[in-house]
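# Architecture at a glance
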Amino acid sequence: MSVYFTDTDPAMRARASSGPLGQAAMAALRAPSVFNTQPWRWDLHDGVADLRADVGRRLPVLDPDSRLLVVSCGTALNHAVVSLTAAGHAVSVHRLPDPDDPTLLARLVLAGRRPPEPMDLRLMQATAVRRTDRRPFSDIPVPEESVEALRVAAERYGAHLQFLREDQVVELTVAASHAADAEVTDPRYRAELSAWTHRPPGSADGVPATGAVGTVPRRVPVRDFALEGGAALAPGGDSDAGTRYAILFTDADTPTDWLVAGEAMSAVLLTAVYCGLASSPMSDVTEVPAVRQALRQLLSGLGWPVLALRFGIAHRPGAVPHTPRRGPEEEPS
Ligand SMILES: Cc1cc2nc3c(=O)[nH]c(=O)nc-3n(C[C@H](O)[C@H](O)[C@H](O)COP(=O)(O)O)c2cc1C
């Protein structure tokens, strides 16, 4: 992430960074992003915060149309709004406000004070503890009231979360296997993955081996972040039998839909923390066009799959280390 201050006056810059919008941009550092690319930057000026796509951090092989980049920016947007709301600020969100400037994804404008609800504070707390947990989850089933809470969290943003029935999980398994086959046999994909799992010293992004899980039999395979070995996270003894899988989808497939999907994804993952659930995203099933198309059948062709999400109960919740994050005020890529 980088925070940019359009004001050149140092006193104004200091005020902007310590103000609520600067704090929100800092809170957004914790947001999840594809390959932990953190592909956004914030421009703070004149009492507004502009969220911009950092297109230099796009994944050209895996994400040629920037869909997952924009989804990742949506998670940062939601983290910023969660931070502002918890601090008692009402905020207006203007999505893709300038048709002539497609990298300007959102503009946040403060809109007065508003006492936070208890749930606002819990979601803010969740930003500090949420992390992607790729380990198999336990046999304990995910409670139905949690499933409903996650669904409602997505709907609040105009996106949808379809939880899969057991017979549909088989189709997800097929989709994930096909996606993995197509990707790992593509040397360009392997090079892109290697670039983001073997970062130069000092760079605070990418997916280190500390977050990669050793290979283990499971119902639905997850992306292998350690193709050349070295996964540091022990899978543990869980079977993944209680895991619930869901497809996050939108009604249309435009950049605004992708942004909203990212906001919904963030809200869902933070709600999962509140429900005591571990989670991990699976975007591989939408990265290969033919596989994404097949996944649409699970939605009866009624929507556009953004990614799959898995939820479950982790026996050792604190065991997954945090991934690194960039600092504020870095140059955009
Ligand atoms: C759009 C998007 C796609 C992602 N796709 C995957 C994926 O396919 N497999 C996976 O294990 N994690 C996936 N992730 C999780 C990221 O790898 C993770 O957010 C990032 O490494 C930061 O780690 P953290 O979530 O623990 O903070 C995705 C995240 C986002 C936002």
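Residues numbered from 1 in each chain as written. Predicted model: local features only at pLDDT ≥ 70, side-chain atom pairs only at ≥ 80, totals over all residues. Heavy atoms only, no water.

As annotated in an unreviewed UniProt entry, the protein chain carries the name Nitroreductase and is attributed to Longispora fulva.

## Examining the sheet that holds strand β9 (residues 304–312)
Note the following rule: Any two strands with at least two DSSP-identified bridges between them are counted as paired. Counting from the N terminus, the helices are the DSSP runs of H or I reaching at least four residues and the strands are the DSSP runs of E reaching at least two. To obtain an axis, a line is fitted to C-alpha atoms, over the contacting stretch when the element is a helix, and the angle between two such axes runs from 0 to 180 degrees between their N-to-C directions. Contacts are assigned to residue pairs that have any heavy atoms within 4.5 Å of one another.
The 4 strands lie next to each other as β6-β7-β9-β8, forming an open sheet whose pairing is antiparallel. Two strands in the sheet have a free side with no partner beyond their single neighbour: β6 (160–163) and β8 (278–282). Looking at each pair of strands side by side, their axes are set apart by 30 degrees on average, direction ignored. For β8 and β9, the ladder comprises 5 bridges, and the chain directions are antiparallel. Its bridge partner lying in β9, Pro281 is registered against Leu309. Together, β6, β7 (244–250) and β9 form the strand contacts of helix α5 (residues 144–155), whose direction differs from that of β6 by roughly 150 degrees.

## Digging into the domain arrangement of the protein chain
When the parts of a complex come together, some accessible area is lost, and that lost area is often taken as the interface size. As a reminder, the rule being used: Domain extents, as shown, originate in an automatic or database domain assignment. Values labelled buried area give the accessible surface lost by two parts on being combined, using a 1.4 Å probe and summing over both. The term salt bridge refers to a pairing of a side-chain nitrogen on Lys or Arg with a carboxyl oxygen on Asp or Glu at a separation within 4 Å. The definition of a polar contact used here is a pair of N or O atoms within 3.5 Å, where within protein one atom must be able to donate a hydrogen and the other to accept one, and adjacent residues in sequence count solely through side-chain atom pairs.
The domain architecture assigned to the protein chain consists of domain 1 (2–128) and domain 2 (131–319). Each of domain 1 and domain 2 has a C-alpha centre, and the two are 23 Å apart. In this assembly, 33 residues from domain 1 lie in contact with 35 residues from domain 2. Carbon and sulfur atoms make up 68% of the area that domain 1 and domain 2 hide from each other, which totals about 2900 Å². Per-residue buried area on domain 1 facing domain 2 is highest for Phe35, Val61 and Arg67; these three make up 25% of the total on that side. Along the contact surface separating domain 1 from domain 2 lie 2 salt bridges. Residue Arg95 is joined to Glu263 by a salt bridge in which the shortest nitrogen-to-oxygen separation is 2.7 Å. Linking domain 1 to domain 2 there are 12 residue pairs in polar contact (both at pLDDT 80 or more). At the level of secondary structure, the elements contributing two or more residues to the side of domain 1 that touches domain 2 comprise α3 (67–86), β5 (104–113) and α4 (118–129). Element by element, the count of residues in the side of domain 1 that touches domain 2 is highest for α3, at 11 residues.

## What about the packing of α5 against helix α8 (residues 255–274)?
What counts here: Here is the rule for angles: anything less than 35 degrees is roughly parallel, anything more than 145 is roughly antiparallel, 65 through 115 is roughly perpendicular, and the remaining ranges are oblique. Each crossing gets its handedness from the near helix: less than a right angle anticlockwise from the far helix is left-handed, clockwise is right-handed. Charged residues are taken to be Asp, Glu, Lys and Arg, nonpolar residues to be Ala, Val, Leu, Ile, Met, Phe, Trp, Tyr, Cys and Pro, and polar residues to be all remaining types, Gly included.
Interaxial distance between α5 and α8 falls to 8 Å at its minimum, and their mutual angle equals 155 degrees. The angle between α5 and α8 falls in the class roughly antiparallel. Of the two elements, α5 crosses α8, and the hand of that crossing is right-handed. Counting all contacts with α5, which are made through Ala149, Leu150, Ala153 and Ala154, the residues of α8 involved are Ala264, Ala267, Val268, Thr271 and Ala272. Partitioning the contact of α5 with α8 into residue classes produces 8 nonpolar, 1 polar and no charged.

## Considering the site of the ligand
So the rule is basically this: Nearness of a residue to a molecule or strand requires only that one of the residue's heavy atoms be within 4 Å of it. Surface accessibility in these figures is a Shrake-Rupley result with a 1.4 Å probe; residues are shielded only by whichever protein chains are displayed.
In the vicinity of the ligand lie 21 residues, with Arg130, Thr132, Arg134, Ser283 and Arg325 positioned nearest. In this structure, Thr132 approaches the ligand through a side-chain N or O atom, which is 2.6 Å from an oxygen atom. One of the side-chain nitrogen or oxygen atoms of Ser283 is found 2.8 Å away from a nitrogen atom of the ligand. Contact with the protein chains hides 98% of the accessible area of the ligand, taken as 620 Å² for the molecule alone. Listing elements by their share of the shell around the ligand, those giving two or more residues are α3 and β8. Classifying every residue of the shell around the ligand by side-chain character gives 9 nonpolar, 6 polar and 6 charged. Residues from two domains meet in the shell around the ligand; each of domain 1 (2–128) and domain 2 (131–319) gives at least three.

## Re the pattern of salt bridges
This is how it is decided: Classification of residues uses two cut-offs on accessible area relative to the type maximum, computed with a 1.4 Å probe and protein chains only: under 20% is buried, over 50% is exposed, and between them is partly exposed.
In the structure shown here, the tally under the stated rule is 21 salt bridges. The partner of Asp205 in a salt bridge is Arg57, and the shortest N-O contact between them spans 2.9 Å. Taken as a pair, Asp205 in the loop between α7 (187–197) and β7 and Arg57 in the loop between β3 (48–53) and α3 lie far apart in primary sequence, 148 residues in all. Taking relative accessible area as the criterion, Asp205 reaches 4% and is therefore assigned buried. Note that Glu144 and Arg244 form a salt bridge whose closest N and O atoms lie 3.2 Å from each other. With Glu144 in helix α5 and Arg244 in strand β7, this pair connects stretches of sequence that are 100 residues apart. Put simply, Asp54, Arg57, Arg199, Asp205 and Arg326 are held in one network by salt bridges that share partners.

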